[in-house]
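Descriptive analysis of the structure
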Amino acid sequence: MAVRSTFRAASLLALLATGAMAQATHPETGDPLAENQTFSWRILDEVPTLDPGLIEDVDSGSIARQLFEGLYNQDAQGNIVPGVALDHTLSEDGLTYTFNLRPEARWSNGEPVTANDFVYAWRRAADPATASPYSWYIDLMKVAGAAEVVAGEAAPDTLGVRAVDDHTLEVTLTQPIPYFPQMVTHYTTYPVLQSNIEEHGDAWTQPGNMVSNGAYVLSERVPQERTVVTRNENYWDNANTVLNEVSFLIINDENQGLTRWIAGELDATDVPIGQFPRLKEEYPEEVHAVPNLCTYYYAINVRPDSDPALLDVRVREALNLAIDRDVIVNSILAAGQLPAYTLAHPATAGYEVPEVPIATMTQEERNTRAQELLAEAGFGPEGEPLTFEIIYNTDQAHQQLAVAIGQMWKQTLGVETTLANQEWQTFLDTRREGNFQIARAAWCADYNEASTFLDLMTADNESNDPRYENPEYDALMEESRTAADPQPLYTQAEEMLARDMPILPIYFYAKDFMLDASIKGYAFENAQENWYAKDMYRIAQE
Amino acid sequence: MLTFILRRLLVAIPTILILIVISFVLMFAAPGGPFNAERPLPPDVMANIEARYGLDQPYAVQIFNYVKNIVLHFDFGPSFKYRDQTVSGLIAQGFPVTLTYGTWAFAVAVVFGVALGVVAAVRQNTWVDYLATGSAIGASVLPNFVLGPLLVLVFTLWLGWLPAGGWYGGQWQYVILPVAALATSYLAAIARIMRSSMLEVMNSGFIRTARAKGLPMRRIILRHALKPAILPVLSYLGPAFVAMITGSVVVDVFFSTGGIGQYFVNAALNRDYSVIMGVTILVGVLTIVFNLLVDILYAWIDPKIRY
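Keep in mind that what you see is a predicted model, and the values were worked out from it rather than measured.

Counting residues in hydrophobic clusters, the biggest one holds 159 residues, and the most contacted among them are A:Phe39, A:Phe99, A:Trp122, A:Val171, A:Phe180 and A:Trp531. No other element matches the 14 residues that helix α7 (residues 172-202) of chain B contributes to this core. Setting aside residues no more than four positions away along its own chain, A:Phe180 makes contact with A:Tyr97, A:Phe99, A:Trp122, A:Met141, A:Val171 and A:Leu173. In this structure, A:Ala318, A:Val356, A:Ile390 and A:Leu504 belong to the second largest nonpolar core, which totals 42 residues.

Right under this line is the structure:
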């Protein structure tokens, strides 16, 4: 009898427990949780790699962010919050950061995460033998010795990063960088486990082999079909992680992505170009447009051997003024993009877009001014006729814009344009070598600070495709690095660009996507789109 | 016969080698490289990466090493774009996928294509013929990048019967739409070849004799006409089978099957040199093997052919 009643008590408890599970609520928001805690997200192509030291693209980064955890994470607004590091102290000269690591952090095999794992990962990323396409990031963080290590002139163990003890990491920089803590949220800085990599070699990123320290572990990887990550039971904050499984489905075609979303095969997919207004009407709760830290612009070749007409700043300014950005963002793109007259994205943290003159004019005023400038330079209807070629990488959206801009130039200025599309790899070569007059370009932030955009136009930047070279500009950017408040310098730099016009900024990106209404906790306000599945959950729906 | 097969296999070796050399030359003649990116790599970093993949060697050395690794170790090297994957791994994962839906598509195309062609020929100039010929022409002008979305619209969005994409290990519901999208145009081509060949045979002397003897129509078609009429179809089937089992870029990309069909285009666009070579060699070898098989089948079916 006693045995039976214990048994009954136990089953009653179990019943209560399952009952509680079915009606589980989110620990913070109190939302009722769905039983099915999975989330699926569309990506464009098989990701090149899940090795944090080798990653160079957004989609690989999105998966790695679930698998690994760096010193700091970002919250839904993009602010830094503790990750493996609880906090840090900074030396008075601003050159030495000392991070205090969380003692309870664990790898998925149960081993503790230590400062040495970061030291190993950072050295490995910079080591020429790793052949990482992102090794320059360690240099970008101005870690002492990084440039020499990347160039193969110094051994990786000379890098300015050291484990004081298991839970204290010390990083030495060559110059103070105010936004350094932001930079250690980046995947290149994630820790990796030396013994794991040495055991499996290049195959360590395969499911079954990979040991990671994030909220999830890699469970499936089918090239060009899907990658699946599941909950990491050893993650230090596993108790507060709600989603059990996240799938990354590879769907190359965005229209097919939408179809599959409508069919309920996945939770999140991109809005195909031009369909935003219609979808917004049909699915008002599930279509989102959020700022995305990228700027779309036309680069004008200003090398000394370029077209003489383009070397005349009045011609460049006329071309700039005659582009009707409102038509582009409201009628052609129509998905939450913003007109751009300057380079750095307005959603960049701590950055204010300077008001350059063109931004406050009406389009009529701009057109009149453009015609005057062109006439002054001796071109246009009464002067010498102009024909420019716009090159862009093969893509319908780029073509649409080029056609529209060509049309605006023709109507307002009488300037003829020819269009040439090139497939991506060829296009990159052409642009880099300067075999163009006007080239489509875009830049996305590597980190959430305006210098990631403004550095583009410094003389020694490899992506300065117009080849704008202005020592004054370079000096401004150099000064901004150590300035307590860099905003006035950024304002000057933007004004300089708006005056010299090596580029014609066109619009600031927005990311528009469909997200199933049951998914909560997505980082809408994180302008770098750094979302963490551990902060998301699926609510029960009636 | 045996010497014929041996001779053909021996010729295959230099053919494959020439294929490799031509592909290499074309590949390196294209501008750009696998490691070009929006943010150009600093020269030191680029040098490190090129050294890792042996791209700093002279072309002749690269080709030699490449062939050597295949012959000695059957190693096609790592993918340049998908750094976590080897070429052999990508093919080992993707080829079974295309082999599955390709073989099904082949079976569907042959069975229905031949049947449609025969019926159309036998009932020439009746409504059956018009219907068969009409739908065959319709199917052949309907490219699979149009057919794919149409199928999804009907079977996923309207009827809700089948998933719009994914493979999930080749469960049947994920296989049907890729098979339908791939089979249709081949089916149409087979039907047209079969119909005209069948018409020719049906008008030849020995069929007239058979009819004069009063043999039943069913017997004439199955026993006497089908075998000679199928020969032109057969020569079409060799290359078609290879094309189908190596998949289609449209089917793979549209239905996210994970098959190797997409690499023919993607690898070239990505300048993923090792993957380009891997799939080229795979198709080269399969083409040689299946053309040989077709020739052997020919000899077996058609007594006029001797080696």
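So, next bit.
B:Tyr263, B:Asn266, B:Ala267 and B:Asn270 are the residues of helix α12 (residues 263-270) of chain B that are buried. Taken end-on, α12(B) shows its buried residues confined to a sector of 95 degrees, consistent with a single buried face. Residues of α12(B) that are buried sit in contact with α16 (424-433) of chain A together with α4 (87-122) and α13 (273-301) of chain B. Positioned one or two residues after α12(B), B:Arg271 has a phi angle of 55 degrees, which is positive.

Residues and elements named next belong to chain A. The final tally for this structure, using the stated rule, is one disulfide over all chains. Here Cys294 is linked by a disulfide to Cys444, with a sulfur-sulfur distance of 2.1 Å. Between Cys294 and Cys444 the sulfur-sulfur dihedral comes to about 105 degrees; the bridge is accordingly right-handed. Of this pair, Cys294 sits in strand β12 (residues 287-300) while Cys444 is found in strand β16 (residues 438-444), placing the two residues 150 residues apart along the sequence. Here Cys444 falls in the partly exposed class, since its relative accessible area comes to 37%.

Listed as interface residues are 44 residues of chain B and, on the opposing side, 51 residues of chain A. Applying the counting criterion to the chain B and chain A interface returns four salt bridges. B:Arg271 is paired through a salt bridge with A:Glu423; the nearest N and O atoms lie 2.4 Å apart. In this structure, the connection of chain B to chain A is made through 24 residue pairs in polar contact (both at pLDDT 80 or more). Listing elements by their share of the side of chain B that touches chain A, those giving two or more residues are α2 (43-52), α4, α6 (144-158), α11 (249-255) and α12 of chain B. The element that contributes the greatest number of residues to the side of chain B that touches chain A is α2(B), accounting for six residues. Its residues assigned to classes, the side of chain B that touches chain A shows 21 nonpolar, 15 polar and eight charged.

Residue and element names in this part refer to chain B. Looking at chain B, the domain boundaries give domain 1 (1-31 + 272-306) and domain 2 (100-256). Centre-to-centre separation of domain 1 and domain 2, based on C-alpha positions: 26 Å. With 11 residues of domain 1 in contact, the opposing surface of domain 2 contributes 12 residues. In total, about 970 Å² of surface goes out of reach between domain 1 and domain 2, with carbon and sulfur atoms giving 86% of it. It is Phe290, Tyr298 and Ile301 in domain 1 that bury the most area against domain 2; as a group they hold 52% of the surface buried on that side. There are zero salt bridges connecting domain 1 and domain 2. For the side of domain 1 that touches domain 2, the class distribution of residues is eight nonpolar, two polar and one charged.

What follows covers the pattern of salt bridges. Enumeration according to the criterion identifies 27 salt bridges over all chains in this entry. Among the ionic pairs, B:Asp84 bridges to A:Arg221, the shortest N-O distance being 2.8 Å. Of this pair, B:Asp84 sits in the loop between α3 (59-73) and α4 while A:Arg221 is found in strand β8 (residues 216-222), placing the two residues in two different chains. Across the pair, exposure class does not vary: B:Asp84 and A:Arg221 are buried alike. With a closest N to O distance of 3.5 Å, A:Arg467 and A:Glu469 form a salt bridge. Judged by its relative accessible area of 24%, A:Arg467 falls in the partly exposed class. By relative accessible area, which is 53% here, A:Glu469 ends up exposed.

Let's shift gears to the sheet that holds strand β7 (residues 168-172) of chain A. Residue and element names in this part refer to chain A. Taken together, four strands build an open sheet; the order of strands is β4-β5-β7-β6 and the sheet is antiparallel. Edge strands, defined here as strands with exactly one partner in the open sheet, are β4 (85-90) and β6 (161-165). Taken pair by pair, the neighbouring strands of this sheet meet at an average axis angle of 25 degrees, ignoring direction. Examined bridge by bridge, β6 and β7 share four bridges and lie antiparallel to one another. Note that in β7 the partner of Ala163 across the bridge is Leu169.

A word on the side chain of A:Ser480. Residue and element names in this part refer to chain A. Structurally, Ser480 is set in helix α18 (residues 471-480). A relative accessible area of 3% places Ser480 in the buried class. There is a polar contact of 2.7 Å between the side chain of Ser480 and the backbone oxygen of Met477. With residues near it in sequence (within four places) discarded, Ser480 still touches Pro486, Leu489 and Tyr490.

A few words now on the packing of helix α1 (residues 2-29) of chain B against α13(B). All names here are of chain B. Look at α1 against α13: their axes get within 10 Å of each other, and the N-to-C directions meet at 155 degrees. When the axes of α1 and α13 are compared, the pair comes out roughly antiparallel. Our pair here, α1 against α13, has a crossing hand that is right-handed. Class assignment of the residues belonging to the contact of α1 with α13 gives a composition of 18 nonpolar, five polar and two charged.

So, about the pairing of strand β1 (residues 38-43) of chain A. Every regular strand shows the same layout, with side chains that alternate between the two sheet faces. Residue and element names in this part refer to chain A. Most of β1 is tucked away: five of the six residues are buried. Note that β1 and strand β10 (residues 245-250) share six bridges and pair parallel. Bridging across to β10, Arg42 finds its partner in Leu249.

Residues and elements named next belong to chain A. Along the chain, Val119 falls in helix α3 (residues 115-126). Along the primary structure Val119 and Asn292 are separated by 173 residues, whereas in three dimensions their C-alpha atoms are 32 Å apart. The contact partners of Val119, leaving out residues within four places of it in the chain, are Val161, Arg162, Ala163 and Leu169.

Residues and elements named next belong to chain A. Domains assigned within chain A are domain 1 (3-247 + 516-538) and domain 2 (291-511). With 16 residues of domain 1 at the contact, the number on the domain 2 side is 14 residues. Regarding the contact of domain 1 and domain 2, the summed buried area is about 1300 Å², with carbon and sulfur atoms giving 54% of it. Three residues, Tyr179, Ala527 and Gln528, lead the burial of domain 1 against domain 2; their summed loss comes to 40% of the area buried on that side.

So, about unusual backbone geometry. Residues and elements named next belong to chain A. One non-glycine residue, Lys142, lies in the positive phi region at around 60 degrees. Lys142 sits in the partly exposed class, given a relative accessible area of 25%. The residue Met501 is not glycine, and still its phi comes out positive at about 55 degrees. In this structure, Met501 sits in the loop between α19 (487-500) and β17 (503-515). By relative accessible area, which is 3% here, Met501 ends up buried.

Scoring rules and cut-offs
- Residues numbered from 1 in each chain as written.
- Chains lettered and ligands numbered in written order.
- Predicted model: local features only at pLDDT ≥ 70, side-chain atom pairs only at ≥ 80, totals over all residues.
- Heavy atoms only, no water.
- Core = buried A, V, L, I, M, F, W, Y, C linked by side-chain atoms within 4.5 Å.
- Buried < 20%, exposed > 50% of the residue type's maximum accessible area, 1.4 Å probe, protein only.
- Helix = DSSP H or I, 4+ residues; strand = E, 2+ residues; numbered from the N terminus.
- Contact = heavy atoms within 4.5 Å.
- Arc of directions from axis to C-beta.
- Disulfide = S-S within 2.5 Å.
- Salt bridge = Lys/Arg side-chain N within 4 Å of Asp/Glu carboxyl O.
- Polar contact = N/O pair within 3.5 Å; in protein donor to acceptor, adjacent residues only side chain to side chain.
- Nonpolar A, V, L, I, M, F, W, Y, C, P; charged D, E, K, R; others polar.
- Domains from an automatic or database assignment.
- Buried area = accessible area lost by both parts, 1.4 Å probe.
- Pairing = 2+ DSSP bridges.
- Axes fitted to C-alpha atoms, helices over the stretch in contact; angles between N-to-C directions.
- Parallel < 35°, antiparallel > 145°, perpendicular 65-115°, else oblique.
- Left-handed = near helix turned anticlockwise from the far one by under 90°.

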